[in-house]
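One-letter residues, chain by chain:
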Amino acid sequence: MKNAIILAAGKGTRMHSDSPKVLHEVCGEPMVGMIIDTLKKAGAERLVTVVGYEHERVEAALGDKCEYALQEPQLGSGHAAMQAVQLKDDNGITLVVNGDVPCIKAETYRALYEALDDADMAVLTVKLSDPAAYGRIIRDEKGNIARIVEFRDCNEEEKAVNEINTGIYAFKNPDLFAGLKELKNDNNQQEYYITDLVEIFIGKGKTVKAVVAADPEEVQGVNDNVELARANKYLRMRINEEWMRKGVTMIDPERTYIGAKVTFGRDVVLHPNIYLYGETHIGNDTTITPGSYLVNAVIGDHCLINASEITDSEVKNSCQVGPYAHLRMHTLVEDKNRIGNFVEFKNTHFGVDSRCAHLTYLGDSEVGSKVNIGCGVITVNYDGANKYHTVIKDGAFIGSNANLIAPVTIGENAVVAAGSTATKDVPDGDMAISRVRQENKEGFGRYYLERNRAKKMSGKK
Ligand code: UD1
Ligand code: CA
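The rules behind each value
Residues numbered from 1 in each chain as written. Chains lettered and ligands numbered in written order. Predicted model: local features only at pLDDT ≥ 70, side-chain atom pairs only at ≥ 80, totals over all residues. Heavy atoms only, no water. Donors = N, O, S within 2.8 Å, 3.2 Å for Na, K, Ca; no water. Helix = DSSP H or I, 4+ residues; strand = E, 2+ residues; numbered from the N terminus. Buried < 20%, exposed > 50% of the residue type's maximum accessible area, 1.4 Å probe, protein only. Axes fitted to C-alpha atoms, helices over the stretch in contact; angles between N-to-C directions. Parallel < 35°, antiparallel > 145°, perpendicular 65-115°, else oblique. Left-handed = near helix turned anticlockwise from the far one by under 90°. Contact = heavy atoms within 4.5 Å. Salt bridge = Lys/Arg side-chain N within 4 Å of Asp/Glu carboxyl O. Near = heavy atom within 4 Å. Polar contact = N/O pair within 3.5 Å; in protein donor to acceptor, adjacent residues only side chain to side chain. Areas by Shrake-Rupley, 256 points an atom, 1.4 Å probe, with all protein chains shown as cover. Nonpolar A, V, L, I, M, F, W, Y, C, P; charged D, E, K, R; others polar.

A.B. asks: Explain the coordination of the calcium ion (ligand 2) to me, using residue names and the numbers behind them.
C.D. replies: Looking at the calcium ion (ligand 2), one finds its protein donor set to be Asp100 (OD) and Asn223 (OD1), positioned 2.4 to 2.7 Å from the metal centre. A residue pair is termed long-range when its members are at least 10 positions apart, and aspartate 100 in the loop between strand E6 (93-98) and helix H4 (106-115) and asparagine 223 in the loop between strand E11 (208-212) and helix H8 (225-245) qualify at 123 residues. For the pair shown, aspartate 100 and asparagine 223 are each scored as buried.

A.B. asks: Provide a residue-level description of the packing of helix H1 (residues 31-41) against H4, including the pertinent values.
C.D. replies: Where H1 meets H4, the axes come as close as 8 Å, and the angle between the chain directions of the two elements is 60°. On the basis of the axis angle, H1 is oblique to H4. Crossing of H1 against H4: the hand is right-handed. Contacts from Ile35, Thr38, Leu39 and Lys41 of H1 reach H4 at Ala106, Tyr109 and Arg110.

A.B. asks: Report on the pattern of salt bridges, specifying residues and quantitative values.
C.D. replies: Opposite charge on two side chains makes pairing possible when the charged atoms of those side chains draw close. Summed over the entire model, instances satisfying the criterion amount to 21 salt bridges. Lysine 246 is paired through a salt bridge with glutamate 242; the nearest N and O atoms lie 3.3 Å apart. Linked through salt bridges whose partners overlap, the residues forming this network are Glu29, Asp37, Lys65 and Lys261.

A.B. asks: Before we move on, could you go through the environment of valine 161 and cite the residues and values that matter?
C.D. replies: Within the secondary structure layout, valine 161 lies in the loop between helix H5 (156-159) and strand E10 (163-172). Judged by relative accessible area, which is 24%, valine 161 ranks as partly exposed. The sequence separation of valine 161 and glycine 135 amounts to 26 residues, and the corresponding C-alpha distance is 9.7 Å. If near-sequence neighbours (up to four positions away) are discounted, valine 161 is found in contact with Pro131, Arg136, Ile137 and Ile138.

A.B. asks: With reference to specific residues and values, describe the site of ligand 1.
C.D. replies: Neighbouring ligand 1 are 23 residues; Gln71, Gly76, Ser77, Glu150 and Asn165 lie closest to it. Here an oxygen atom of ligand 1 and a side-chain polar atom of aspartate 100 are 3.2 Å apart. Against a free-state accessible area of 750 Å², the protein chains account for coverage of 87% of ligand 1. At the level of elements, strand E1 (2-8), helix H3 (77-82) and E10 are the ones that each hand at least two residues to the shell around ligand 1. For the shell around ligand 1, the class distribution of residues is 8 nonpolar, 12 polar and 3 charged.

All we've got here are geometric facts, nothing functional implied.
The structure is reproduced here in structure tokens:
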């Protein structure tokens with residue numbers, strides 16, 4: 001079995017945040033979620049996240065993506081790994097990864113699993129021009145890794161070493177749990193350091209291998225908001241470059257924000273200042289313009305998404321959305337539609353080749369094909385306690401500024417006259433009109449305006 005233990009119980013004091021560090025986001029995903037997804041790509045079958053500080057929040061964010069172990073109190077990274085007791089009798093191999101190193105690639109995790117073919121433990125290291133406060137890799141006279149010394153415990157000579165520990169390790173699982181039992185906390189911080197396993201393994205005659213990462217940016221840790229921004233920028237450019245190489249056009253890739261799970265068809269054009277996150281897909285020949293924010297949005301081919309917000313919803317082919325439209329909560333817009341400015345759809349199914357061009361709210365609605373929704377139409381779906389459905393059948397025409405008080409059904413080819421409030425069903429082919437009949441008072445307009453202008457003049461004196 002290939003296992004992974006993700007260490008995520010720490011508070012992250014240097015973030016100066018009420019939120020646990022591992023929930024801070026890179027490219028729209030919490031760091032720890034990003035790590036778990038990548039570990040799965042690398043073949044990890046069983047994943048245990050060690051939680052502690054604000055663990056309910058971490059568990060709520062990750063749901064059933066992984067198993068959990070609780071570490072309370074938090075007595076160091078080695079103590080954290082010990083808590084993953086559900087793995088203690090497993091005979092497989094186990095990666096232990098810090099929850100604050102979010103940019104690692106699946107191939108790097110894979111290489112670490114594979115390093116166990118000829119070693120009992122492997123550590124991912126990297127050489128940095130500024131090794132900062134990372135743990136230092138101390139090698140013996142033969143050049144083999146001998147131990148890891150935490151920065152706080154380093155002497156001057158050790159501080160000068162520029163090869164550091166990235167916080168990613170691979171173990172044969174039975175050796176890991178045997179080794180963890182021998183950790184001591186006789187160090188500067190009185191914590192149980194997982195890094196001491198290097199010396200413990202060597203003391204038992206086991207082989208430890210240091211795998212040197214080629215790219216320092218990939219293995220960077222996040223301890224404060226400066227490092228978080230740096231990790232975001234690196235990951236953003238990595239994702240964007242991958243998609244540009246596969247044919248996506250980005251007007252300004254430095255200002256285009258795409259999550260790791262987003263996918264694209266051919267001939268997609270992305271303008272700057274757009275956010276595409278979650279399980280979003282953009283179809284062929286579709287353009288997204290500035291100010292768009294899409295999370296878990298599936299967009300078809302030949303669409304224009306213009307400065308709009310779309311969440312947990314789908315837009316099929318040849319549609320124009322926006323500017324400033326908001327589609328949310330399981331909305332489904334079928335082919336050949338135009339959804340215009342200041343239109344909100346919530347949990348609405350909008351049929352083929354219909355129109356809804358301006359200033360409208362449709363909630364909990366089922367709309368047929370070739371329907372025209374005028375300007376300023378509102379489905380009145382909430383009575384303060386419950387939500388109700390509106391049905392608008394094929395070919396219906398809803399005049400401007402109509403209110404449809406749900407539950408209500410507007411029949412096929414039926415009309416609701418502009419300015420009407422529909423409180424009951426309209427049969428197929430009928431017209432509903434519910435408004436006060438107009439009366440014109442002769443000359444009263446001129447009289448009224450002149451009176452007001454005179455009042456205004458006298459008020460000024
Ligand atoms: C750790 C390493 C250091 C390495 C660096 C790389 C140790 C002792 N040191 O230092 O050699 O260079 O990572 O980024 O491991 N955690 C727990 N429970 C605890 C303590 C920590 O779950 O009791 C988790 C944290 O949430 C974090 C990870 O372990 O995700 C690392 O902890 P952190 O305190 O950030 O260690 P560093 O000082 O960065
Ligand atoms: Ca850290």
